[in-house]
Amino acid sequence: MQHAPRFLKIVDDAKSRIKETSVDEVKKKLDRGEKFTLVDVREESEFAQDHLPGAIHLGKGVIERDVEARIPDLDTPVILYCGGGFRSALAADTLQKMGYINVLSMDGGVRGWREKQFPMTRD
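This one's a predicted model, so the numbers in the text were calculated from it and none came from an experiment. All residue numbers here refer to positions counted from 1 along the written sequence of the relevant chain. Only residues with pLDDT of at least 70 get local features here, since the model is predicted, and only at 80 or more are side-chain atom pairs given and counted; chain-wide, interface and lining totals rely on the full set of residues. Note that water and hydrogens are dropped before the side-chain values are worked out from all heavy atoms of the structure.

1. Structural notes on the nonpolar core
Then, in step 1: The biggest cluster of nonpolar side chains holds 19 residues, and the ones touching the most others in it are V39, I63, L80 and L95.
Then, in step 2: Counting residues per element, the ones that place at least two in this core are α1 (5-15), α4 (63-70), β4 (78-81) and α5 (86-97).
Then, in step 3: To qualify as a helix, a DSSP run of H or I must reach at least 4 residues; to qualify as a strand, a run of E must reach at least 2; elements of each kind are numbered from the N terminus. When residues of this core are assigned to their parent elements, the largest contribution, five residues, is made by α5.
Then, in step 4: Within the second largest apolar cluster, 14 residues are counted, among which are V26, F36, L38 and W113. By nonpolar core we mean a set of buried residues, namely Ala, Val, Leu, Ile, Met, Phe, Trp, Tyr and Cys, connected to one another through side-chain atoms within 4.5 Å. Classification of residues uses two cut-offs on accessible area relative to the type maximum, computed with a 1.4 Å probe and protein chains only: under 20% is buried, over 50% is exposed, and between them is partly exposed.

2. Quick notes on the environment of P53
Then, in step 1: Tracing the backbone through its elements, the reader meets P53 in the loop between α3 (44-49) and β3 (56-57).
Then, in step 2: Put simply, P53 and E115 are 62 residues apart on the chain and 16 Å apart in space, counted from C-alpha to C-alpha.
Then, in step 3: Setting aside anything within four residues of it in sequence, one finds P53 in contact with L30, L38, W113, P119, M120 and T121. Any two residues whose heavy atoms approach within 4.5 Å at even a single point are treated as in contact.

3. Notes on the pairing of β4
Then, in step 1: Residues V78 and L80 point to one face of β4 and I79 and Y81 to the other, with burial holding for every one of them.
Then, in step 2: Each pair of strands is called paired provided DSSP finds at least two bridges between the two strands. In the sheet, β4 pairs with strand β5 (residues 103-106) via three bridges, with the strands oriented parallel. Each residue of the ladder has a partner; that of V78, found in β5, is V103.
Then, in step 3: Read as a crossover between parallel neighbours, the route from β4 over α5 to β5 is right-handed. With its strands directed away from the observer, a crossover is right-handed exactly when the path from the first strand over the helix to the second travels clockwise.

Given below as structure tokens:
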């Protein structure tokens, strides 16, 4: 998918302020049973199709409104992902602005996860 230049500009701006993690690192954290909240910020229809095991859904369009009810502790380790790592970067930037201090965006997103043939679920 070819993204629009202005969209990429705001993503690059957000990425200058956030921390990212890799698909491999997220898989290792899951395999080790580390405690963190995995958040899928894609559209509801994308989440319903399939998502990473253990993920909750807080779509990019509503995350600011709903995150405090789902993740009340600002210290909670949170890893966000989307299709490729762009929307999750924007969402990570927003969560940091809201006071969340342990937020990561998964670079590569679901596409990177699928390329490595890591498991997906529909639960």
